[in-house]
Amino acid sequence: MSARARGLVLGTLLPLLALDALLVFDNAWPTLWPRPTPAVSIELAFAVAALVLFAAWRKHAAHGLVRVLAGLATLWIVLRYVQVTVPALFGRPLNLYWDLPHLGAVLDMGGDGPGAKVLLVLALGILVVLVLHRVVSACVRALARSAAAPGARALLGGVAGAAILLWALAPWPGPLAASAFARPVAALVSDQIRFLHSALAADGGERLGPGPDFRGDLAALRGADVLIVFAEAYGAVSFDRPPITAALADARTELGAAIAASGRQAVSARVVSPTFGGASWLAHAAVLAGVDTRDPADHALLLTTDRPTLVRHFATHGYRTVGWMPGLQRPWPEGRFYGFDRIADADSAGYAGLPFGFWRIPDQASMARIHVDELGGSFGEAVGTQQARSSPGSSPASAGDTSASAPTSRPGARAETAAARRAPRLVVFATVSTHAPFAAIPPLREDWSRLLRADAFSQEEVEAAAAVRVSWTEPLPAYLASMRYQLGWLADYLAHHAARELVLIVIGDHQPIGTVSGPDQPHDVPVHVIASDPALLTRFAAAGFVAGLTPPQQPLGPMHELAQVLVDAFSGPR
C-alpha cells in the first residue's frame, strides 16, 4: 500500500468509521452494554458534509469549529447510549421531564444509600465521558485535516454525499437501504423538547377528551367493600412467556384453589396499559379517572382539572374511600385530585416493623393493616393496635366495634360483622414488593397478626433478604420470587381472612422492565375480578371477561376504558 493510500485509510476512513460505530451501536439486551451494529449515522454524514463544505470555502477547518463538532459528537454518543439503553432496560422510552426527579430513587433501589451511589455513578460517568471526548476529538481533528486536503476532501465529500442521497431516497431503493441507517439521535432530543413543551404548556381540559359516564349507582355491589389492588409490574408476560408461566404455575394454582375454597370465583381479562416498565401513576390515573394517560403531559394536565373520578363516584354513594400508597415516601399533593378520604403513605400507613428493602413496607404487611384499619377485620389479640397505628382522622374501620374481637367460627366472619356496623370501603392499594429490581423479598407470614407489630420481621430476615444480589440486567429470578410472594399472600388472605362479600379487583399496572419482559412486548396487563356474587361476575363476563385466572389473548381495549366497565358493572338498572 502506498503512503498516500495508507494516509487516506488511517487519516480519513478509520476516523470516519470509528465515529460512525460510536453513533450507531445498539443495546446488548438484557445487559447495560452497547452492541456494535452495522449501520450508518445520517447525522454524521451531514456533519462531515458540512465540514467538507466549510474547509473548501476557507481552505481549512477552524479550530473553534473542530472543538464544537467534537463536543457535539460526544454529546450525541452519550444520547445514543441513553436512546438504546433505556427502552431495553425499562421497556419504555426515556422522558427526562418525568424520569429525572426519580433518578435518585432508582439509584437507591440497590440499598446502599442514595448519596454514595449518586456520587459513584457521576464519577464513573464523568470519567467515561472524558475518555470518550478525547477519542472523539482525535477523530474529528483527523477528519478536519483530511477535509483541508483536496484529495481526501473529495473522498470525504463523496462518501458523505452518497450516504445522504441514499437516505433521502429510502425506502425507494428497498427495505435494505432503509434499515442501513440508525435512528437519528435528534429524534430523542426532539421528543424530550416536545414532552417538556406539552407538560408546561397545557391547552386546557378539552385536550383530554371525554371521560366515563359516572351517572350510575353502586346498587350491584349491595354495600360490599371493594379492594382495588394495582399489582406492581404484573404484566401479561406472566402468561405469555412460557418460562415465566411455568415458574408461576404452582403459585397461580394455589391462588385459584384459595379462591374456590373461600366460596369465590374469578373472572379475568387483559387491557392495554398506558405505560411499560414503570411510571405506575399513569396506569393508576387511567383507571381511576378513565382518561387516556399514554402521554405524561396529559397526566399532568389531568391533575389540574376537577374531572370526576371513580373514587369520588364511590364517595358520592356512601363509601369511605382510601388510597393505600406505601410507595409514597414524600408529600403527594397531587393526590387530592382523586378525592380520597384518606391517603396512607409510607409514613402514615402504620407499619411498625423494620424497613424491608428500599420500599420499607412489604405488601403482606400493608394488606394486614388495610384489613384491620379499614375492612373491619382482626387477627386475634393484635387488633387492639389498630387505632394507635392509624393516622390522625383516619377513622379505622373497627374502632368502637365490640364485634371486632369476638370469637368467630370461620375465616372472614369478624370482618363481615364489623362491616355491617360501618360505611362500606373502597380501598385502592398500590403494591410495591414486586417493583424493580424485585428485592428484597420478605418471607410470607402465616401469622398475620405479627405483621402489625414491631417484630414483624427479625433483623436477620431483613439482612438475609438485603444480601441477595440485586441485578438490573438479570432480574428474572428475582422477579419470579417477587411474583410468587404476591400470589402467595393474596391466596392466604382470601383463604383465611377476607370477608366473603369483599370484591377484590387485581389490575397489573404495567409490564415488568424490559430485561424481564423481553424485546418488543405489548403493553398488555391482566385484570382479575374475584367475588362471591355470581350476578356481579356475570356482568363482567358480559363485558368480555372469562372465567378463571387466565385472561384471553385479545385485550378488552386501553386501560382507561376499564373505568367505564367498572362503573357499568357496579350500577343497578337505570
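Residues numbered from 1 in each chain as written. Predicted model: local features only at pLDDT ≥ 70, side-chain atom pairs only at ≥ 80, totals over all residues. Heavy atoms only, no water.

If you look the protein up in an unreviewed UniProt entry, it shows as Sulfatase N-terminal domain-containing protein from Thauera aminoaromatica.

Caption draft 1: Looking closely at the environment of His-496. Positionally, His-496 belongs in helix α19 (residues 476–496). Residue class for His-496 comes out partly exposed when judged on its relative accessible area of 43%. Taking the C-alpha atoms as reference, His-496 lies 9.8 Å from Ala-261; in sequence the two are 235 residues apart. (Helix = DSSP H or I, 4+ residues; strand = E, 2+ residues; numbered from the N terminus. Buried < 20%, exposed > 50% of the residue type's maximum accessible area, 1.4 Å probe, protein only.)

Caption draft 2: Quick look at the packing of helix α2 (residues 42–58) against helix α7 (residues 150–169). Contact geometry of α2 with α7 gives a least axis separation of 9 Å together with a crossing angle of 140 degrees. It follows from the interaxial angle that α2 and α7 lie oblique. Here α2 and α7 pass one another in a crossing that is left-handed. Across the interface between the two elements, Ile-42, Ala-45, Phe-46, Val-48, Ala-49, Val-52, Ala-55 and Ala-56 from α2 touch Arg-153, Leu-156, Gly-157, Ala-160, Ala-163, Ile-164 and Trp-167 from α7. Taken together, the residues of the contact of α2 with α7 sort by class into 13 nonpolar, one polar and one charged. (Axes fitted to C-alpha atoms, helices over the stretch in contact; angles between N-to-C directions. Parallel < 35°, antiparallel > 145°, perpendicular 65-115°, else oblique. Left-handed = near helix turned anticlockwise from the far one by under 90°. Contact = heavy atoms within 4.5 Å. Nonpolar A, V, L, I, M, F, W, Y, C, P; charged D, E, K, R; others polar.)

Caption draft 3: Highlighting the packing of aromatic side chains. Using the criterion set out here, one finds 15 aromatic pairs in the structure. A centroid spacing of 5.0 Å and a plane angle of 90 degrees characterise the contact between Phe-314 and Tyr-319, whose relative ring orientation is edge-to-face. Each member of the pair, Phe-314 together with Tyr-319, is buried. Ring geometry for Trp-448 and Tyr-493: centres 5.6 Å apart, planes at 45 degrees, overall tilted. With a gap of 45 residues between them, Trp-448 in the loop between β7 (425–430) and α18 (459–467) and Tyr-493 in helix α19 connect regions that are remote in the sequence. Judged by relative accessible area, Trp-448 falls into the buried class, the value being 1%. By relative accessible area, which is 2% here, Tyr-493 ends up buried. Three or more aromatic residues link up through ring pairs in this structure, and these residues are Phe-314, Tyr-319, Phe-540, Phe-545 and Phe-570. (Phe/Tyr/Trp six-rings, centres within 6.5 Å; stacked < 30°, edge-to-face > 60°.)

Caption draft 4: The sheet that holds strand β4 (residues 265–272), seen in detail. An order of β6-β5-β7-β3-β8-β9-β4-β10 is seen for the eight strands of this open sheet, with the pairing classed as mixed. Because the sheet does not close on itself, it has two edges, and the strands there are β6 (342–344) and β10 (546–547). Looking at chain direction, strand β5 (residues 320–324) and β6 are connected through three bridges and run parallel. Paired with Trp-324 across the two strands is Ala-344, which belongs to β6. (Pairing = 2+ DSSP bridges.)

Caption draft 5: Local environment of the pairing of β5. In terms of burial, β5 is largely enclosed, as five of its five residues are buried. Here β5 shows a buried face lined by Arg-320, Val-322 and Trp-324 and a second buried face lined by Thr-321 and Gly-323. Relative to β7, β5 runs parallel, the two sharing five bridges. Opposite Thr-321, over in β7, you have Leu-426 as the bridge partner.

Caption draft 6: Fine view of the environment of Ala-495. Mapped onto the elements of the fold, Ala-495 is located in helix α19. C-alpha separation for the pair Ala-495 and Ala-257, spaced 238 residues apart in sequence, amounts to 8.7 Å.

Caption draft 7: The arrangement of the UniProt feature "transmembrane region" (unreviewed entry) in the protein in detail. According to UniProt, the "transmembrane region" (unreviewed entry) feature falls on residues 39–57, 69–90, 118–140 and 152–170. The span residues 39–57 carries 84% helix and 0% strand; its end-to-end C-alpha distance comes to 30 Å. Across residues 152–170 one finds 95% helix and 0% strand; the C-alpha atoms that close the span lie 27 Å apart. (UniProt positions renumbered as here; feature names shortened; annotations may be inferred.)

Caption draft 8: Structural context of the pairing of β7. Across the six residues of β7, six count as buried, placing the element largely inside the fold. Residues Arg-425, Val-427 and Phe-429 line one face of β7 and the alternating positions Leu-426, Val-428 and Ala-430 line the opposite face, and both faces are buried. Where strand β3 (residues 226–231) lies against β7, five bridges are found, and the strand directions are parallel. By the bridge assignment, Phe-230 is partnered in β7 with Ala-430.

Caption draft 9: Representation of unusual backbone geometry within the structure. Note the cis peptide between Ala-436 and Pro-437, where omega equals 5 degrees. Even without a glycine there, the phi angle at Ala-279 is positive, about 55 degrees. Counting through the fold element by element, Ala-279 comes out in the loop between β4 and α12 (280–289). Of note, Phe-438 is a non-glycine position whose phi angle comes to about 65 degrees, a positive value. Residue position: Phe-438 is located in the loop between β7 and α18.

Caption draft 10: Broad picture of the pattern of salt bridges. Under the criterion given, the structure shown has 15 salt bridges. The salt bridge involving Arg-294 is made with Asp-292; its shortest N-O contact spans 2.6 Å. The exposed category is assigned to Arg-294, whose relative accessible area is 60%. Between Arg-469 and Glu-474 there is a salt bridge; the shortest N-O distance is 3.9 Å. By the burial criterion, Arg-469 is exposed, and Glu-474 matches it. Beyond isolated ion pairs, a larger network of salt bridges with shared partners links Arg-320, Arg-342, Glu-374 and Arg-425. (Salt bridge = Lys/Arg side-chain N within 4 Å of Asp/Glu carboxyl O.)

Caption draft 11: Structural detail: a nonpolar patch on the surface. A surface patch of nonpolar side chains, about 240 Å² in accessible area, is lined by Leu-13, Leu-17 and Val-159. Structurally, Leu-13 is set in helix α1 (residues 3–24). When its relative accessible area of 32% is taken as the criterion, Leu-13 is described as partly exposed. (Patch = residues over 30% accessible without salt bridge, like charges linked within 9 Å, V, L, I, M, F, W, Y side chains within 5 Å. Areas by Shrake-Rupley, 256 points an atom, 1.4 Å probe, with all protein chains shown as cover.)

Caption draft 12: Structural detail: helix α11 (residues 242–261). Given a rise of 1.5 Å per residue, 20 residues ought to cover 28 Å, and the 28 Å separating the end C-alpha atoms of α11 matches this to within 8%. The principal kink in α11, of about 50 degrees, is found at Ala-249. Residues of α11 that are buried: Ile-244, Leu-248, Ala-251, Arg-252, Leu-255, Ala-258 and Ile-259. Just downstream of α11 lies Gly-263, where phi reads positive at about 80 degrees. (Expected span 1.5 Å × (residues − 1). Bend = angle between axes of the 7 residues up to and from the residue.)

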